[in-house]
Amino acid sequence: MKSMNNISLKGRSFLTLRDYTSEEIKYLLTLASYLKTKKKVSIKGDLLEGKNIALLFEKTSTRTRCSFEVSAHDEGAFTTYLSPADCNMGKKESVKDTAKV
């Protein structure tokens, strides 16, 4: 899918709709529809091909974790889930150093 009007959301977090313009929200909805259609017709995606994604959640959430894992896999990425209970991030190693690795 080509970028709509050269919209780039790289490096941005989705915390609230107020942080986005109406054009960016329209782009996100269009992208969501496109990805959902690909999934329905069993088209394997490659938008994240060869990428590795570490999943870190403040609170445990089975639905959120599963949806991220399935979505990343559908687009060619590999995921690693780091649970708060098992993760020593910020204790032995700094968060910054862990993120680099």
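Notes on the structure in this doc start here. (Residues numbered from 1 in each chain as written. Predicted model: local features only at pLDDT ≥ 70, side-chain atom pairs only at ≥ 80, totals over all residues. Heavy atoms only, no water.)

## Some words on the overall build of the protein chain
- Looking only at helices and strands, the protein chain features three helices and two strands.
- Relative to its length of 101 residues, the protein chain is extended, with a C-alpha radius of gyration of 16 Å against a globular reference of 13 Å.
- Residues counted as buried form 15% of the 101 residues belonging to the protein chain.
- Charge-centre separation for the protein chain: the mean point of 18 positive side chains lies 3 Å from the mean point of 12 negative side chains. (Helix = DSSP H or I, 4+ residues; strand = E, 2+ residues; numbered from the N terminus. Rg over C-alpha atoms; globule rule 2.2 N^0.38 Å. Buried < 20%, exposed > 50% of the residue type's maximum accessible area, 1.4 Å probe, protein only. Lys, Arg positive; Asp, Glu negative; His and termini not counted. Charge placed at Lys NZ, Arg CZ, Asp CG, Glu CD.)

## Things to note about the pattern of salt bridges
- Applying the stated rule across the entire model yields four salt bridges.
- Note that Lys 38 and Glu 75 form a salt bridge whose closest N and O atoms lie 3.1 Å from each other. Separated by 37 residues along the polypeptide, Lys 38 in helix H1 (residues 22-40) and Glu 75 in the loop between helix H2 (62-74) and strand E2 (78-82) bring together distant segments of the chain. The exposure classification of Lys 38 matches that of Glu 75, with both residues buried. (Salt bridge = Lys/Arg side-chain N within 4 Å of Asp/Glu carboxyl O.)

## As for the packing of aromatic side chains
- A complete count under the given rule lists three aromatic pairs for this structure.
- Between the aromatic rings of Phe 14 and Tyr 20, the centroid separation amounts to 5.3 Å while the plane-to-plane angle is 25°, which identifies the pairing as stacked.
- Exposure remark for Tyr 20: the relative accessible area of 10% places this residue in the buried category.
- Ring pairing ties together the aromatic residues Phe 57, Phe 68 and Tyr 81, which thus form one cluster.
- A cation over a ring is seen here: Arg 65 above Tyr 81, with NZ or CZ 3.8 Å from the ring centre. (Phe/Tyr/Trp six-rings, centres within 6.5 Å; stacked < 30°, edge-to-face > 60°. Lys NZ or Arg CZ within 6 Å of the ring centre and 35° of its normal.)

## Here's the deal with the pairing of E2
- Looking at chain direction, strand E1 (residues 52-56) and E2 are connected through five bridges and run parallel. Across the sheet, Ile 53 pairs through a bridge with Thr 79, a residue of E2.
- In this fold, E1 hands off to H2, which returns the chain to E2; that crossover is right-handed. (Pairing = 2+ DSSP bridges. Right-handed = clockwise from strand over helix to strand, strands pointing away.)

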